[in-house]
Amino acid sequence: MSETTPTTRTDCAFCTMDEDAIIARAATCYAISSSQRPEGSTIIIPLAHREAPWDLSAREWTDLNGLLAQLKDGIDREHHPDGWNVGWNVGRVGGQTVPHAHCHLIPRYRDEPYAGRGVRWWFKQEENRRAQT
């Protein structure tokens, strides 16, 4: 991806984010609370409209990594999680609901009903087997 002026789309919720929702920022990315369980969950979003993580520039990756570390430290201090999930949903089938790349930082707690089941656990379940073609 080139280091040109970021593009935005007026029809994209992440391109038009309310400044009051932003909890941290870097030159090319910002972070918001996901307002979802588990407590402390956040989302890091590039300012430029990028649809997938592989579309990010080197600078965006660097800034995103810095925000990940900063947010993790803050969540550690405030919520004391026992583990973490970090991930991207890409494309509709991959679970992406906003077609703008965004990285989830999800603290995990040992008293959760699904504690110990990582992001791949769901995919390994027998009921997730693809239909035979």
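Sequence order sets the numbering: in each chain, residues are counted from 1 along the sequence as written. For this predicted model, a pLDDT threshold of at least 70 governs which residues receive local features, and a threshold of 80 or more governs which side-chain atom pairs are given and counted, while totals over whole chains, interfaces and linings are taken from all residues. Hydrogen atoms and water are omitted, and side-chain values are computed over all heavy atoms in the structure.

Participant: Before we move on, could you go through the nonpolar core and cite the residues and values that matter?
Facilitator: Each nonpolar core is a collection of buried residues, namely Ala, Val, Leu, Ile, Met, Phe, Trp, Tyr and Cys, held together in the definition by side-chain atoms within 4.5 Å. Only protein chains enter the accessibility calculation, which uses a 1.4 Å probe. A residue is then buried if its area is under 20% of the maximum for its type, exposed if over 50%, and partly exposed in between. By size, the foremost hydrophobic cluster in this structure holds 13 residues, and its most contacted members are Ile 44, Leu 64, Leu 67, Leu 68 and Leu 71. The helix count covers DSSP runs of H or I at least four residues long, the strand count covers runs of E at least two residues long, and both are numbered beginning at the N terminus. Among the elements of the structure, strand E2 (29-33), helix H1 (58-79) and strand E5 (103-108) are those that each provide at least two residues to this core. With five residues, the single largest contributor to this core is H1. Grouped together as the second largest cluster of nonpolar side chains are nine residues, Phe 14, Cys 15, Ile 22 and Tyr 30 included.

Participant: Give me the lowdown on the sheet that holds strand E4 (residues 83-88), citing residues and values where you can.
Facilitator: We call two strands paired when DSSP finds no fewer than two bridges between them. Pairing is antiparallel across the open sheet formed by five strands, whose spatial order is E1-E2-E3-E5-E4. For this open sheet the edge positions go to strand E1 (22-25) and E4, each flanked by a neighbour on one side alone. Pairwise comparison of adjacent strand axes, ignoring direction, gives a mean angle of 20 degrees for this sheet. Where E4 and E5 come together, six bridges link them in antiparallel fashion. Pairing of Trp 84 across the sheet is with Pro 107, part of E5. Axis definition: a line fit to C-alpha positions, over the contact stretch in the case of helices; interaxial angles, taken between N-to-C directions, run 0 to 180 degrees.

Participant: I'd love a proper account of a nonpolar patch on the surface, names of residues and values included.
Facilitator: Judged by side-chain polarity, Tyr 114, Trp 122 and Phe 123 come together as a nonpolar surface patch covering roughly 350 Å² of accessible area. Considering the arrangement of structural elements, one finds Phe 123 in the segment after E5. Residues with no salt bridge and a relative accessible area higher than 30% make up the patches, which join like charges within 9 Å and nonpolar side chains (Val, Leu, Ile, Met, Phe, Trp, Tyr) within 5 Å. What sets the accessible areas is the Shrake-Rupley method with a 1.4 Å probe; for residues, cover comes only from the shown protein chains. What makes a salt bridge here is a side-chain nitrogen of Lys or Arg within 4 Å of a carboxyl oxygen of Asp or Glu, nothing more.

Participant: How would you sum up the environment of Val 90? Please name residues and give values.
Facilitator: Structurally, the position occupied by Val 90 is in the loop between E4 and E5. Classification of Val 90 as partly exposed rests on a relative accessible area of 28%. Those residues in contact with Val 90 that sit more than four places away from it in its chain are Ala 52, Pro 53, Trp 54 and Gln 96. Here, two residues are considered to be in contact whenever any of their heavy atoms come within 4.5 Å of each other.

Participant: I'd like to hear about the packing of aromatic side chains, residue by residue, with values.
Facilitator: The rule is short: rings of Phe, Tyr and Trp, with Trp giving its six-membered ring, pair when the centres are within 6.5 Å, and they are stacked under 30 degrees, edge-to-face over 60, tilted in between. What the rule picks out here adds up to four aromatic pairs. Plain terms: the ring middles of Tyr 114 and Trp 122 are 5.0 Å apart, the flat faces sit at 75 degrees to each other, and that makes the pair edge-to-face. Taking relative accessible area as the criterion, Tyr 114 reaches 41% and is therefore assigned partly exposed. By way of ring pairs, the aromatic residues Tyr 114, Trp 121 and Trp 122 are connected into one cluster. Charge over a ring is defined by NZ of Lys or CZ of Arg lying within 6 Å of the ring centre and within 35 degrees of the ring normal. A cation over an aromatic ring shows up here: Arg 117 above the ring of Trp 121, its NZ or CZ 4.3 Å from the ring centre.

Participant: Outline the pattern of salt bridges, supporting the account with residue identities and numerical values.
Facilitator: Overall, the coordinates contain nine salt bridges when judged by the stated rule. Linking Glu 51 and Arg 9 is a salt bridge whose minimum nitrogen-to-oxygen distance equals 3.8 Å. Of this pair, Glu 51 sits in the loop between strand E3 (42-46) and H1 while Arg 9 sits in the segment before E1, and the two are 42 residues apart along the sequence. For Glu 51, a relative accessible area of 44% corresponds to the partly exposed category. For Glu 112, the salt bridge goes to Arg 108, with nearest N and O atoms at 3.0 Å.

Read these as layout, nothing more, since geometry by itself doesn't imply function.
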